[in-house]
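Listed here are the chains, written in short residue letters.
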Amino acid sequence: MPGSAGPVLVNVQALRAVAAYMVVAHHIANNLAHYTAAGRVPELPALGARGVDIFFVLSAFLVVMRSDRLGPSPRAFLVQRIVRIVPIYWLLTGLAVLGIAAGYRLFDRAAITPDALLAALFFLPDFTELGTVRRPILVVGWTLNYEMAFYLLFALCLLAPRRGRVALACGALGLLWLAQVSGAGGLAGYWGADSVLAFALGMLLARSLPSSGLPPALAGGALFAGAAGLCALEVLYVPSGLPHPDLWGAMLAALVVLGAVALERRGITLRAVWLHRQGDASYAIYLVHVFVLQFVSKAWKAAGLTQSVAGLVVMVALMVVLVPLVSLAFHRHVEVPLTRYLRGRGRLSGRGPGLAL
């Protein structure tokens, strides 16, 4: 992982890859249900979307763990996060803007307003006149709005003594969440979404999990319970109208991360080199895959190949092959060189908390 510090957490790398491909699978299923095979393929449970909960827990876990070890200043921490996240996101947002300006309908947009562009570039919600929030131009960027807000909050908490940082950050997130459940709208309601508690859980895990891990049976049980719970949540409980599903998703994702990290601390790791390479490239996979899905599905539809089952099967197979190939190429030839260059310019030497995505 570019810019990570200390030893690589093997199970975390694998979990990053799994979470990224959960999101990819979710978007492929949505593509079929709402675009290429609308009316013929039913909408599936959104299990893959729970990869975002895992990302949020991992992100907070890694930030606390590495900031405790390295002790960055608030400024250094924010610079590291900006260099790691913003250039690639802006680059791909710009690519989407150019495509839409050239007349292509991308990510369900035919035009870009100045407000939408500014909101996307500065990780802010794009509110409509009715108070709802539009997705960013690069649709997956909504999660980065929350990531960047969390990083800003944590940077402020770095001003406090080490022992109080996590409590301060969790308290702030808890207050925002309480405002949201109390009916607050606007920015307080947006930043207080149920899913932000995944960051609080990740921070608490980083501080509370023993360095020796947990007994393997207990750690494995947590991992299995979290994964099974996420499946049950989307298959059984969300369709029945369970309140606050994202809050449940955050807690179950925290169980998955707890199990994976606790097993590693007992020396039990998943050593699959190919999976770890996907984990290295998880941020690229997350941002790039939506372009691949758009390109393939629009090409298939234009060629009239979405009318048959065989055509849809081939389309999905091509997506499954192209997403890792294109994402890894982008990671290797664009993301890594650009991040290294910018870190060199800023004399950051690559040290600091790595991004969970």
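Residues numbered from 1 in each chain as written. Predicted model: local features only at pLDDT ≥ 70, side-chain atom pairs only at ≥ 80, totals over all residues. Heavy atoms only, no water.

Chemist: Outline the overall build of the chain, supporting the account with residue identities and numerical values.
Modeler: Along the chain, the regular secondary structure elements total 13 helices and two strands. Taking 2.2 N^0.38 as the reference for a compact globule, 357 residues should give roughly 21 Å; the C-alpha atoms of the chain span a radius of gyration of 20 Å, in line with that estimate. In terms of its C-alpha atoms, the chain occupies a principal-axis envelope of roughly 60 × 45 × 45 Å. Within the chain, the proportion of its 357 residues that are buried is 51%. Long-range pairs, those at least 24 residues apart, make up 81% of the contacts in the chain with a sequence separation of at least 6. Put simply, the chain shows about 16,200 Å² of open surface, and 68% of that area lies on carbon and sulfur atoms. For the chain, the distance from the average position of its 28 positive side-chain charges to the average position of its 14 negative side-chain charges is 12 Å. (Helix = DSSP H or I, 4+ residues; strand = E, 2+ residues; numbered from the N terminus. Rg over C-alpha atoms; globule rule 2.2 N^0.38 Å. Buried < 20%, exposed > 50% of the residue type's maximum accessible area, 1.4 Å probe, protein only. Contact = heavy atoms within 4.5 Å. Areas by Shrake-Rupley, 256 points an atom, 1.4 Å probe, with all protein chains shown as cover. Lys, Arg positive; Asp, Glu negative; His and termini not counted. Charge placed at Lys NZ, Arg CZ, Asp CG, Glu CD.)

Chemist: Run through the nonpolar core, naming residues and quoting values.
Modeler: Across soluble globular proteins, you tend to see nonpolar side chains buried next to one another. Among the nonpolar cores identified, the biggest contains 99 residues, and Ile54, Leu138, Met203 and Leu287 are the most heavily contacted of them. Setting aside chain neighbours within four positions, we find Leu287 in contact with Ile88, Tyr89, Leu92, Leu138, Val140 and Leu144. (Core = buried A, V, L, I, M, F, W, Y, C linked by side-chain atoms within 4.5 Å.)

Chemist: Summarise helix 11 (residues 273–280); cite the residues concerned and give the values.
Modeler: Three or more residues of helix 11 are buried, namely Leu275, His276, Gln278 and Gly279. One side of helix 11 holds all its buried residues, which, seen down the axis, span an arc of 155 degrees. Turned more than 90 degrees from where helix 11 packs its buried face, Val273, Trp274 and Arg277 sit exposed. (Arc of directions from axis to C-beta.)

Chemist: Describe the confidence of the model for the chain, and please don't skip the residues or the numbers.
Modeler: Scored by pLDDT, the chain has a mean of 91; 94% of the residues are at 70 or more. Taken as a whole, residues 1–6 scores under 50 in pLDDT and shows 23 contacts with residues more than four places along the chain or in a different chain. Low pLDDT (under 50) marks residues 348–356, which in the prediction has 41 contacts with non-local residues, meaning those over four places away or in another chain. (pLDDT = per-residue confidence, 0-100.)

Chemist: Describe in detail the pattern of salt bridges, supporting the description with residues and values.
Modeler: Tallying each qualifying case throughout the model produces eight salt bridges. Of the charged contacts in the structure, one is a salt bridge between Asp108 and Arg105, with a shortest N-O distance of 3.2 Å. The partly exposed category is assigned to Arg105, whose relative accessible area is 44%. Members of the salt-bridge network, linked through shared partners, are Arg50, Asp53, Glu234 and Asp246. (Salt bridge = Lys/Arg side-chain N within 4 Å of Asp/Glu carboxyl O.)

Chemist: How would you explain the packing of helix 8 (residues 197–208) against helix 10 (residues 245–265) if you had to name every residue and give the values?
Modeler: Relative orientation of the contacting elements helix 8 and helix 10 amounts to 25 degrees, with a least axis distance of 9 Å. In this view, helix 8 runs roughly parallel relative to helix 10, as classed from their interaxial angle. At the point where helix 8 passes helix 10, the crossing takes the right-handed sense. Every residue of helix 10 that contacts helix 8 at Leu197, Ala198, Leu201 and Leu205 is listed here: Leu247, Ala250, Met251, Ala254, Val257 and Leu258. A per-class count over the contact of helix 8 with helix 10 returns ten nonpolar, no polar and no charged. (Axes fitted to C-alpha atoms, helices over the stretch in contact; angles between N-to-C directions. Parallel < 35°, antiparallel > 145°, perpendicular 65-115°, else oblique. Left-handed = near helix turned anticlockwise from the far one by under 90°. Nonpolar A, V, L, I, M, F, W, Y, C, P; charged D, E, K, R; others polar.)

Chemist: Provide a residue-level description of the packing of aromatic side chains, including the pertinent values.
Modeler: Per the stated rule, a full pass over the model turns up 16 aromatic pairs. Both rings, one in Tyr146 and one in Trp191, keep their centres 5.8 Å apart while their planes meet at 85 degrees; by these two values the pair is edge-to-face. With a gap of 45 residues between them, Tyr146 in helix 5 (residues 142–157) and Trp191 in helix 7 (residues 186–191) connect regions that are remote in the sequence. Its relative accessible area of 7% is what places Tyr146 among the buried residues. What makes Trp191 buried here is its relative accessible area of 17%. Taken together through their ring pairs, the aromatic side chains of Phe56, Phe77, Phe127, Trp142, Tyr146, Phe150, Tyr151, Phe154, Tyr190, Trp191 and Phe199 make up a single cluster. Across the ring face of Tyr151, the terminal group of Arg81 is positioned such that the distance to the ring centre comes to 5.4 Å. Looking at Lys301, its charged tip hangs above the ring of Tyr35, at a distance of 4.1 Å from the centre. (Phe/Tyr/Trp six-rings, centres within 6.5 Å; stacked < 30°, edge-to-face > 60°. Lys NZ or Arg CZ within 6 Å of the ring centre and 35° of its normal.)

Chemist: Tell me about the environment of Leu78, and please be specific about residues and values.
Modeler: Structurally, the position occupied by Leu78 is in helix 3 (residues 74–101). For Leu78, a relative accessible area of 26% corresponds to the partly exposed category. C-alpha separation for the pair Leu78 and Leu156, spaced 78 residues apart in sequence, amounts to 9.7 Å. Ignoring any residue separated from it by four or fewer positions in sequence, one finds Leu78 in contact with Tyr151, Leu152 and Ala155.

Chemist: Before we move on, could you go through the side chain of Thr306 and cite the residues and values that matter?
Modeler: As for its position among the elements, Thr306 is in the loop between helix 12 (282–302) and helix 13 (309–345). Judged by relative accessible area, which is 1%, Thr306 ranks as buried. Of note is the side chain of Thr306, whose polar atom sits 3.5 Å from the side chain of Gln307. With residues up to four places along the chain from it excluded, the contact list for Thr306 reads Thr36, Arg40, Trp300, Lys301, Leu312 and Met315. (Polar contact = N/O pair within 3.5 Å; in protein donor to acceptor, adjacent residues only side chain to side chain.)

Chemist: Give a description of the state of the cysteines that names residues and reports values.
Modeler: Within this structure, the stated rule accounts for zero disulfides. The cysteine Cys170 is free of any disulfide, with Cys157 supplying the nearest cysteine sulfur at 8.8 Å. (Disulfide = S-S within 2.5 Å.)

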